[in-house]
Structure formats: structure tokens, C-alpha cells
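Chain by chain, the residues:
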Amino acid sequence: MSAVSDRLPAFPWDKLEPYKKTAAAHPGGIVDLSVGTPVDPVPELIQKALVDAADSPGYPTVWGTPALRDAITGWLERRLGARDVTHRHVLPVVGSKELVAWLPTQLGLGPGDKVAYPRLAYPTYEVGARLARAGYEAYDDPRELDPANLRLLWLNSPSNPTGEVLSKDELTEIVAWARAHGVLLVSDECYLELGWETDPVSVLHPDVNGGSYDGIVAVHSLSKRSNLAGYRAAFIAGDPAVLGPLLEIRKHGGMMTSAPTQAAVVAALGDDEHVRVQRERYAARRESLRRALLGHGFRIEHSEASLYLWATRGESCWDTVAHLAGLGILVAPGDFYGEAGDRFVRVALTATDERVRAAVERLAA
């Protein structure tokens, strides 16, 4: 019997190690802009909520506390404009990557079924299909897919890696297409609160879904908006006919968010000020890096939202990675996200102000 790992592609980040060593050897130290991991402190009100809930000797529930479900439904209505959201419409998950990787399996997909995701995309969409032994296909426009055997359609707006945002009209048309063909649409919206040149819209908005959550699910994370990547705090929202069975499966599988983390999420979703402060940090870093990259001869495409700049010098992405590593700057090669990215690099905004200044100085030299 072959190991489950045999179904998976080679882990792409291992290929970056030689370039990381080169960048680390720079006299001024490495500026790591390759991974979108938060570097700023967890807001104090969230830390306090976590500490206050530290005495949690019993098992938490998979569905979360009523306070957590209230916080999620309240945020969906306040921030995303969703309407008539009940506890049956939401489900906490142990970080969004876990959900993305295991959703096809938990939906019962397998050989003969197909999963589709954007041509340039987070690699875990493909990984999830492989783990389930399902087929997979990358698309440029989901409305051009053959719907035969297509069971799961991933959207990602704002996009990782490109920062591209689907318009309200595009989302509306894609939702209608998926419903017409009986395809479950799952929208990864983890960067939705980080729009810079446009205001991203959720599939949960009534202007997009016509006031119905049938056949749609949205994925949201607190990793980026609240610096909670280390907490593994996320949730999904949408069609109760999908979320109900997932809740039962996850009960059997023990997929439960820790009780202190649940309390922290309640605090995080109830406070908009820390999100505003963090957005301002990222906006300043984005503008500095954007100007420096353009001045260094790069062209930036899309990047109207999310935590990345999608940049090119018109050469192989690995040549660009090597060039920047020589300046002590580490970025992610675009082909990590699909062959269509082979002439781009993804530049993360998740570095301290001091490290961003160092990168800007090196690019200007």
C-alpha cells in the first residue's frame, strides 16, 4: 500500500533553501519577504482574552461556544453585509489551511470527482484534491469549465499570490453558474479585509447570492487581520446543508478549536480598531516596497488587495529570486503557485518596518 505522502507533490519551499542561505549571508542580514507570516504583536485585548480562558480543563466543542457563534454571525453581518445568518450557517475550524487541505475528503470526494481552482493559486487546493484521490483542474475563468463530475469549485478573492479581486458582477455570475450546474462553490476570502485599491466583496453578500446561501461556503481566517496565525483560528460560513454534515464529521474526527483560542476569537471579531491599526501598518509597508520595486525595474500586476505584491522583471522567476537573494532579500518564486507564474515573484508585506526599510534601501542602491 502506498503511503499517503506519495499522493502529494514535492514540498516547494524546500527549493528555496539555497537562496535563503545566500540572502542570510548579506552583511545587513536577511529581509525575508517570502512567507506571509505575521510579525507584529497580537493585540493586547486578544492576548487578555486568551489568558483569561487559560483555565479550560474540559474538552471544547467542535461547533464552538454560543458566544463564538454569536461573534462570527455578528461579524459576518457587520463587516460583510450578510443577512439572516444563524448559528447553523457557521462553523469554526482549526486554521483555514487545515480546512482547505481536508475539505474534499470530508465532502466524500474521490476518484471520478473533480476539484477546480484558479490557474495561479495557493498550492493546498491541489493538495486537498490529491489527498482525496480526486481529479483536479486549474482554470482561468470558472464559467468555462466542463461541469461534468465537477464537485468542488474554489474561488480565491483577494487572490494569493496575485492580489487580484473578483468584482461583484463576476462573483454574481460565477455563483449563478455553479448553482445552475449543481457545483459546490467555496470562496477562500482570507484576505478580504485587506483591500488597497478596491473593496473586496464576499459571496455571502446578498447582492452576490440573491439572499440565499444555497450551494456556497466562504472561508475566513484571523491569521492576517488580527496577527493570529499562531492561534490557528478560522471559520467557514454558508449553506447549512453543507456545514451540518461537516460538523458531524469533524466531531468524529476531533477537529476542535481550543477553548482559549475560541475566547480570543470572540474578542478579535468584536473589535475593529486593531484591524484598522494593522491595515495602516501594512499599507505603509506596501507603498514603500511598491515604490522601491518599481524604481528597481519591476512591473507590478494586480496586487490591488492581500498581503503581497505580484512583481516581474520579465525573466525567469528563479533568476529574479537569485538577483534579490544577492541583495539579501528573499521572495517566493511565482511558479510555486502554478506554471503561469514562472516569470513573477510574490513579495510579502509581512516584515517589520525596520526590515522593510532595509529592503527599500538595498533596492535603491
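Our structure is the block above this text.
Now for a description of the structure that goes with this document. Computed from a predicted structure; not experimentally measured. (Residues numbered from 1 in each chain as written. Predicted model: local features only at pLDDT ≥ 70, side-chain atom pairs only at ≥ 80, totals over all residues. Heavy atoms only, no water.)

**Here we look at the side chain of Arg355**
Turning to step 1, where the next piece is worked out: Relative to the elements of secondary structure, Arg355 occurs in helix H12 (residues 353-364).
Turning to step 2, where the next piece is worked out: Polar side-chain contacts of Arg355 include one of 2.9 Å to the backbone oxygen of Ile30.
Turning to step 3, where the next piece is worked out: In this structure, Arg355 is in contact with Gly28, Gly29, Ile30, Val31 and Arg362, ignoring residues within four places of it in sequence. (Helix = DSSP H or I, 4+ residues; strand = E, 2+ residues; numbered from the N terminus. Polar contact = N/O pair within 3.5 Å; in protein donor to acceptor, adjacent residues only side chain to side chain. Contact = heavy atoms within 4.5 Å.)

**Quick notes on the layout of surface pockets**
Turning to step 1, where the next piece is worked out: One number sums up the size of the largest pocket: a volume of about 1300 Å³.
Turning to step 2, where the next piece is worked out: Lining the largest pocket are 42 residues, and of these Trp13, Lys97, Tyr122, Pro123 and Thr124 sit closest to its centre.
Turning to step 3, where the next piece is worked out: Of all the secondary structure elements, the ones that give two or more residues to the lining of the largest pocket are helix H4 (96-106) and helix H5 (124-131).
Turning to step 4, where the next piece is worked out: The element best represented in the lining of the largest pocket is H5, accounting for four residues.
Turning to step 5, where the next piece is worked out: Looking at the lining of the largest pocket, its residues break down into 22 nonpolar, 10 polar and 10 charged.
Turning to step 6, where the next piece is worked out: As a volume, the second largest pocket reaches approximately 440 Å³.
Turning to step 7, where the next piece is worked out: The wall of the second largest pocket is formed by 21 residues, among which Pro118, Tyr139, Asp140, Glu164 and Leu166 lie closest to the centre.
Turning to step 8, where the next piece is worked out: Of all elements in the fold, only strand S5 (150-156) and helix H6 (168-180) reach the threshold of two or more residues within the lining of the second largest pocket. (1 Å grid on protein atoms, 1.4 Å probe; cavity = no way out; pocket = protein on both sides within 12 Å on 5 of 7 lines; lining within 4 Å. Points joined across faces, edges and corners; volume = space filled by probe spheres on them. Nonpolar A, V, L, I, M, F, W, Y, C, P; charged D, E, K, R; others polar.)

**So, the sheet that holds strand S10 (residues 308-312)**
Turning to step 1, where the next piece is worked out: Taken in spatial order, the four strands make up an open sheet running S9-S10-S13-S12, and their pairing is antiparallel. Looking along the sheet, the strands with just one partner apiece sit at the ends: strand S9 (299-301) and strand S12 (332-333).
Turning to step 2, where the next piece is worked out: Note: S10 against strand S13 (residues 345-348), four bridges, orientation antiparallel. Counted as the bridge partner of Leu309 is Val347 from S13. (Pairing = 2+ DSSP bridges.)

**Let's talk about the packing of helix H10 (residues 273-295) against H12**
Turning to step 1, where the next piece is worked out: It is at 9 Å that the axes of H10 and H12 come closest, and there the two elements cross at 15°. The pairing of H10 with H12 is recorded here as roughly parallel in orientation. In the packing of H10 onto H12, the handedness of the crossing is left-handed. Where H10 approaches H12, its residues Arg285, Ser288, Leu289, Ala292 and Leu293 are matched on the opposing element by Asp353, Val356, Ala359, Val360 and Leu363.
Turning to step 2, where the next piece is worked out: Here the residues of the contact of H10 with H12 are counted per class, giving seven nonpolar, one polar and two charged. (Axes fitted to C-alpha atoms, helices over the stretch in contact; angles between N-to-C directions. Parallel < 35°, antiparallel > 145°, perpendicular 65-115°, else oblique. Left-handed = near helix turned anticlockwise from the far one by under 90°.)

**Here's the deal with the pairing of strand S7 (residues 216-221)**
Turning to step 1, where the next piece is worked out: Of all the six residues making up S7, six are buried; the element is thus mostly covered by neighbouring parts of the structure.
Turning to step 2, where the next piece is worked out: A two-sided burial pattern is seen for S7, the buried positions comprising Ile216, Ala218 and His220 on one face and Val217, Val219 and Ser221 on the other.
Turning to step 3, where the next piece is worked out: Where strand S6 (residues 184-188) lies against S7, four bridges are found, and the strand directions are parallel. The partner of Val186 across the bridge, within S7, is Val217. (Buried < 20%, exposed > 50% of the residue type's maximum accessible area, 1.4 Å probe, protein only.)

**Some words on the nonpolar core**
Turning to step 1, where the next piece is worked out: Counting 67 residues, the largest nonpolar core has Leu33, Trp154 and Ile236 as its most contacted members.
Turning to step 2, where the next piece is worked out: No other element matches the five residues that helix H11 (residues 317-326) contributes to this core.
Turning to step 3, where the next piece is worked out: Not counting chain neighbours up to four residues away, the residues in contact with Ile236 comprise His89, Val90, Leu91, Val93, Leu99, Val217, Ala218, Val219, Leu243 and Leu246.
Turning to step 4, where the next piece is worked out: With 43 residues, the next largest nonpolar core counts Ala82, Leu185, Val201 and Leu222 among its residues. (Core = buried A, V, L, I, M, F, W, Y, C linked by side-chain atoms within 4.5 Å.)

**Some details on the side chain of Ser187**
Turning to step 1, where the next piece is worked out: Tracing the backbone shows Ser187 in strand S6.
Turning to step 2, where the next piece is worked out: Residue contacts for Ser187: discarding those within four places in its chain leaves Leu155, Val203, Val217, Ala218 and Val219.

**A word on empty space enclosed by the protein**
Turning to step 1, where the next piece is worked out: The tally for this structure, following the rule as stated, stands at three cavities of 30 Å³ or more.
Turning to step 2, where the next piece is worked out: In this model, the largest cavity occupies a volume close to 80 Å³.
Turning to step 3, where the next piece is worked out: The residue inventory of the lining of the largest cavity, partitioned by class, reads eight nonpolar, two polar and three charged.

Shape descriptors only; they carry no functional weight alone.
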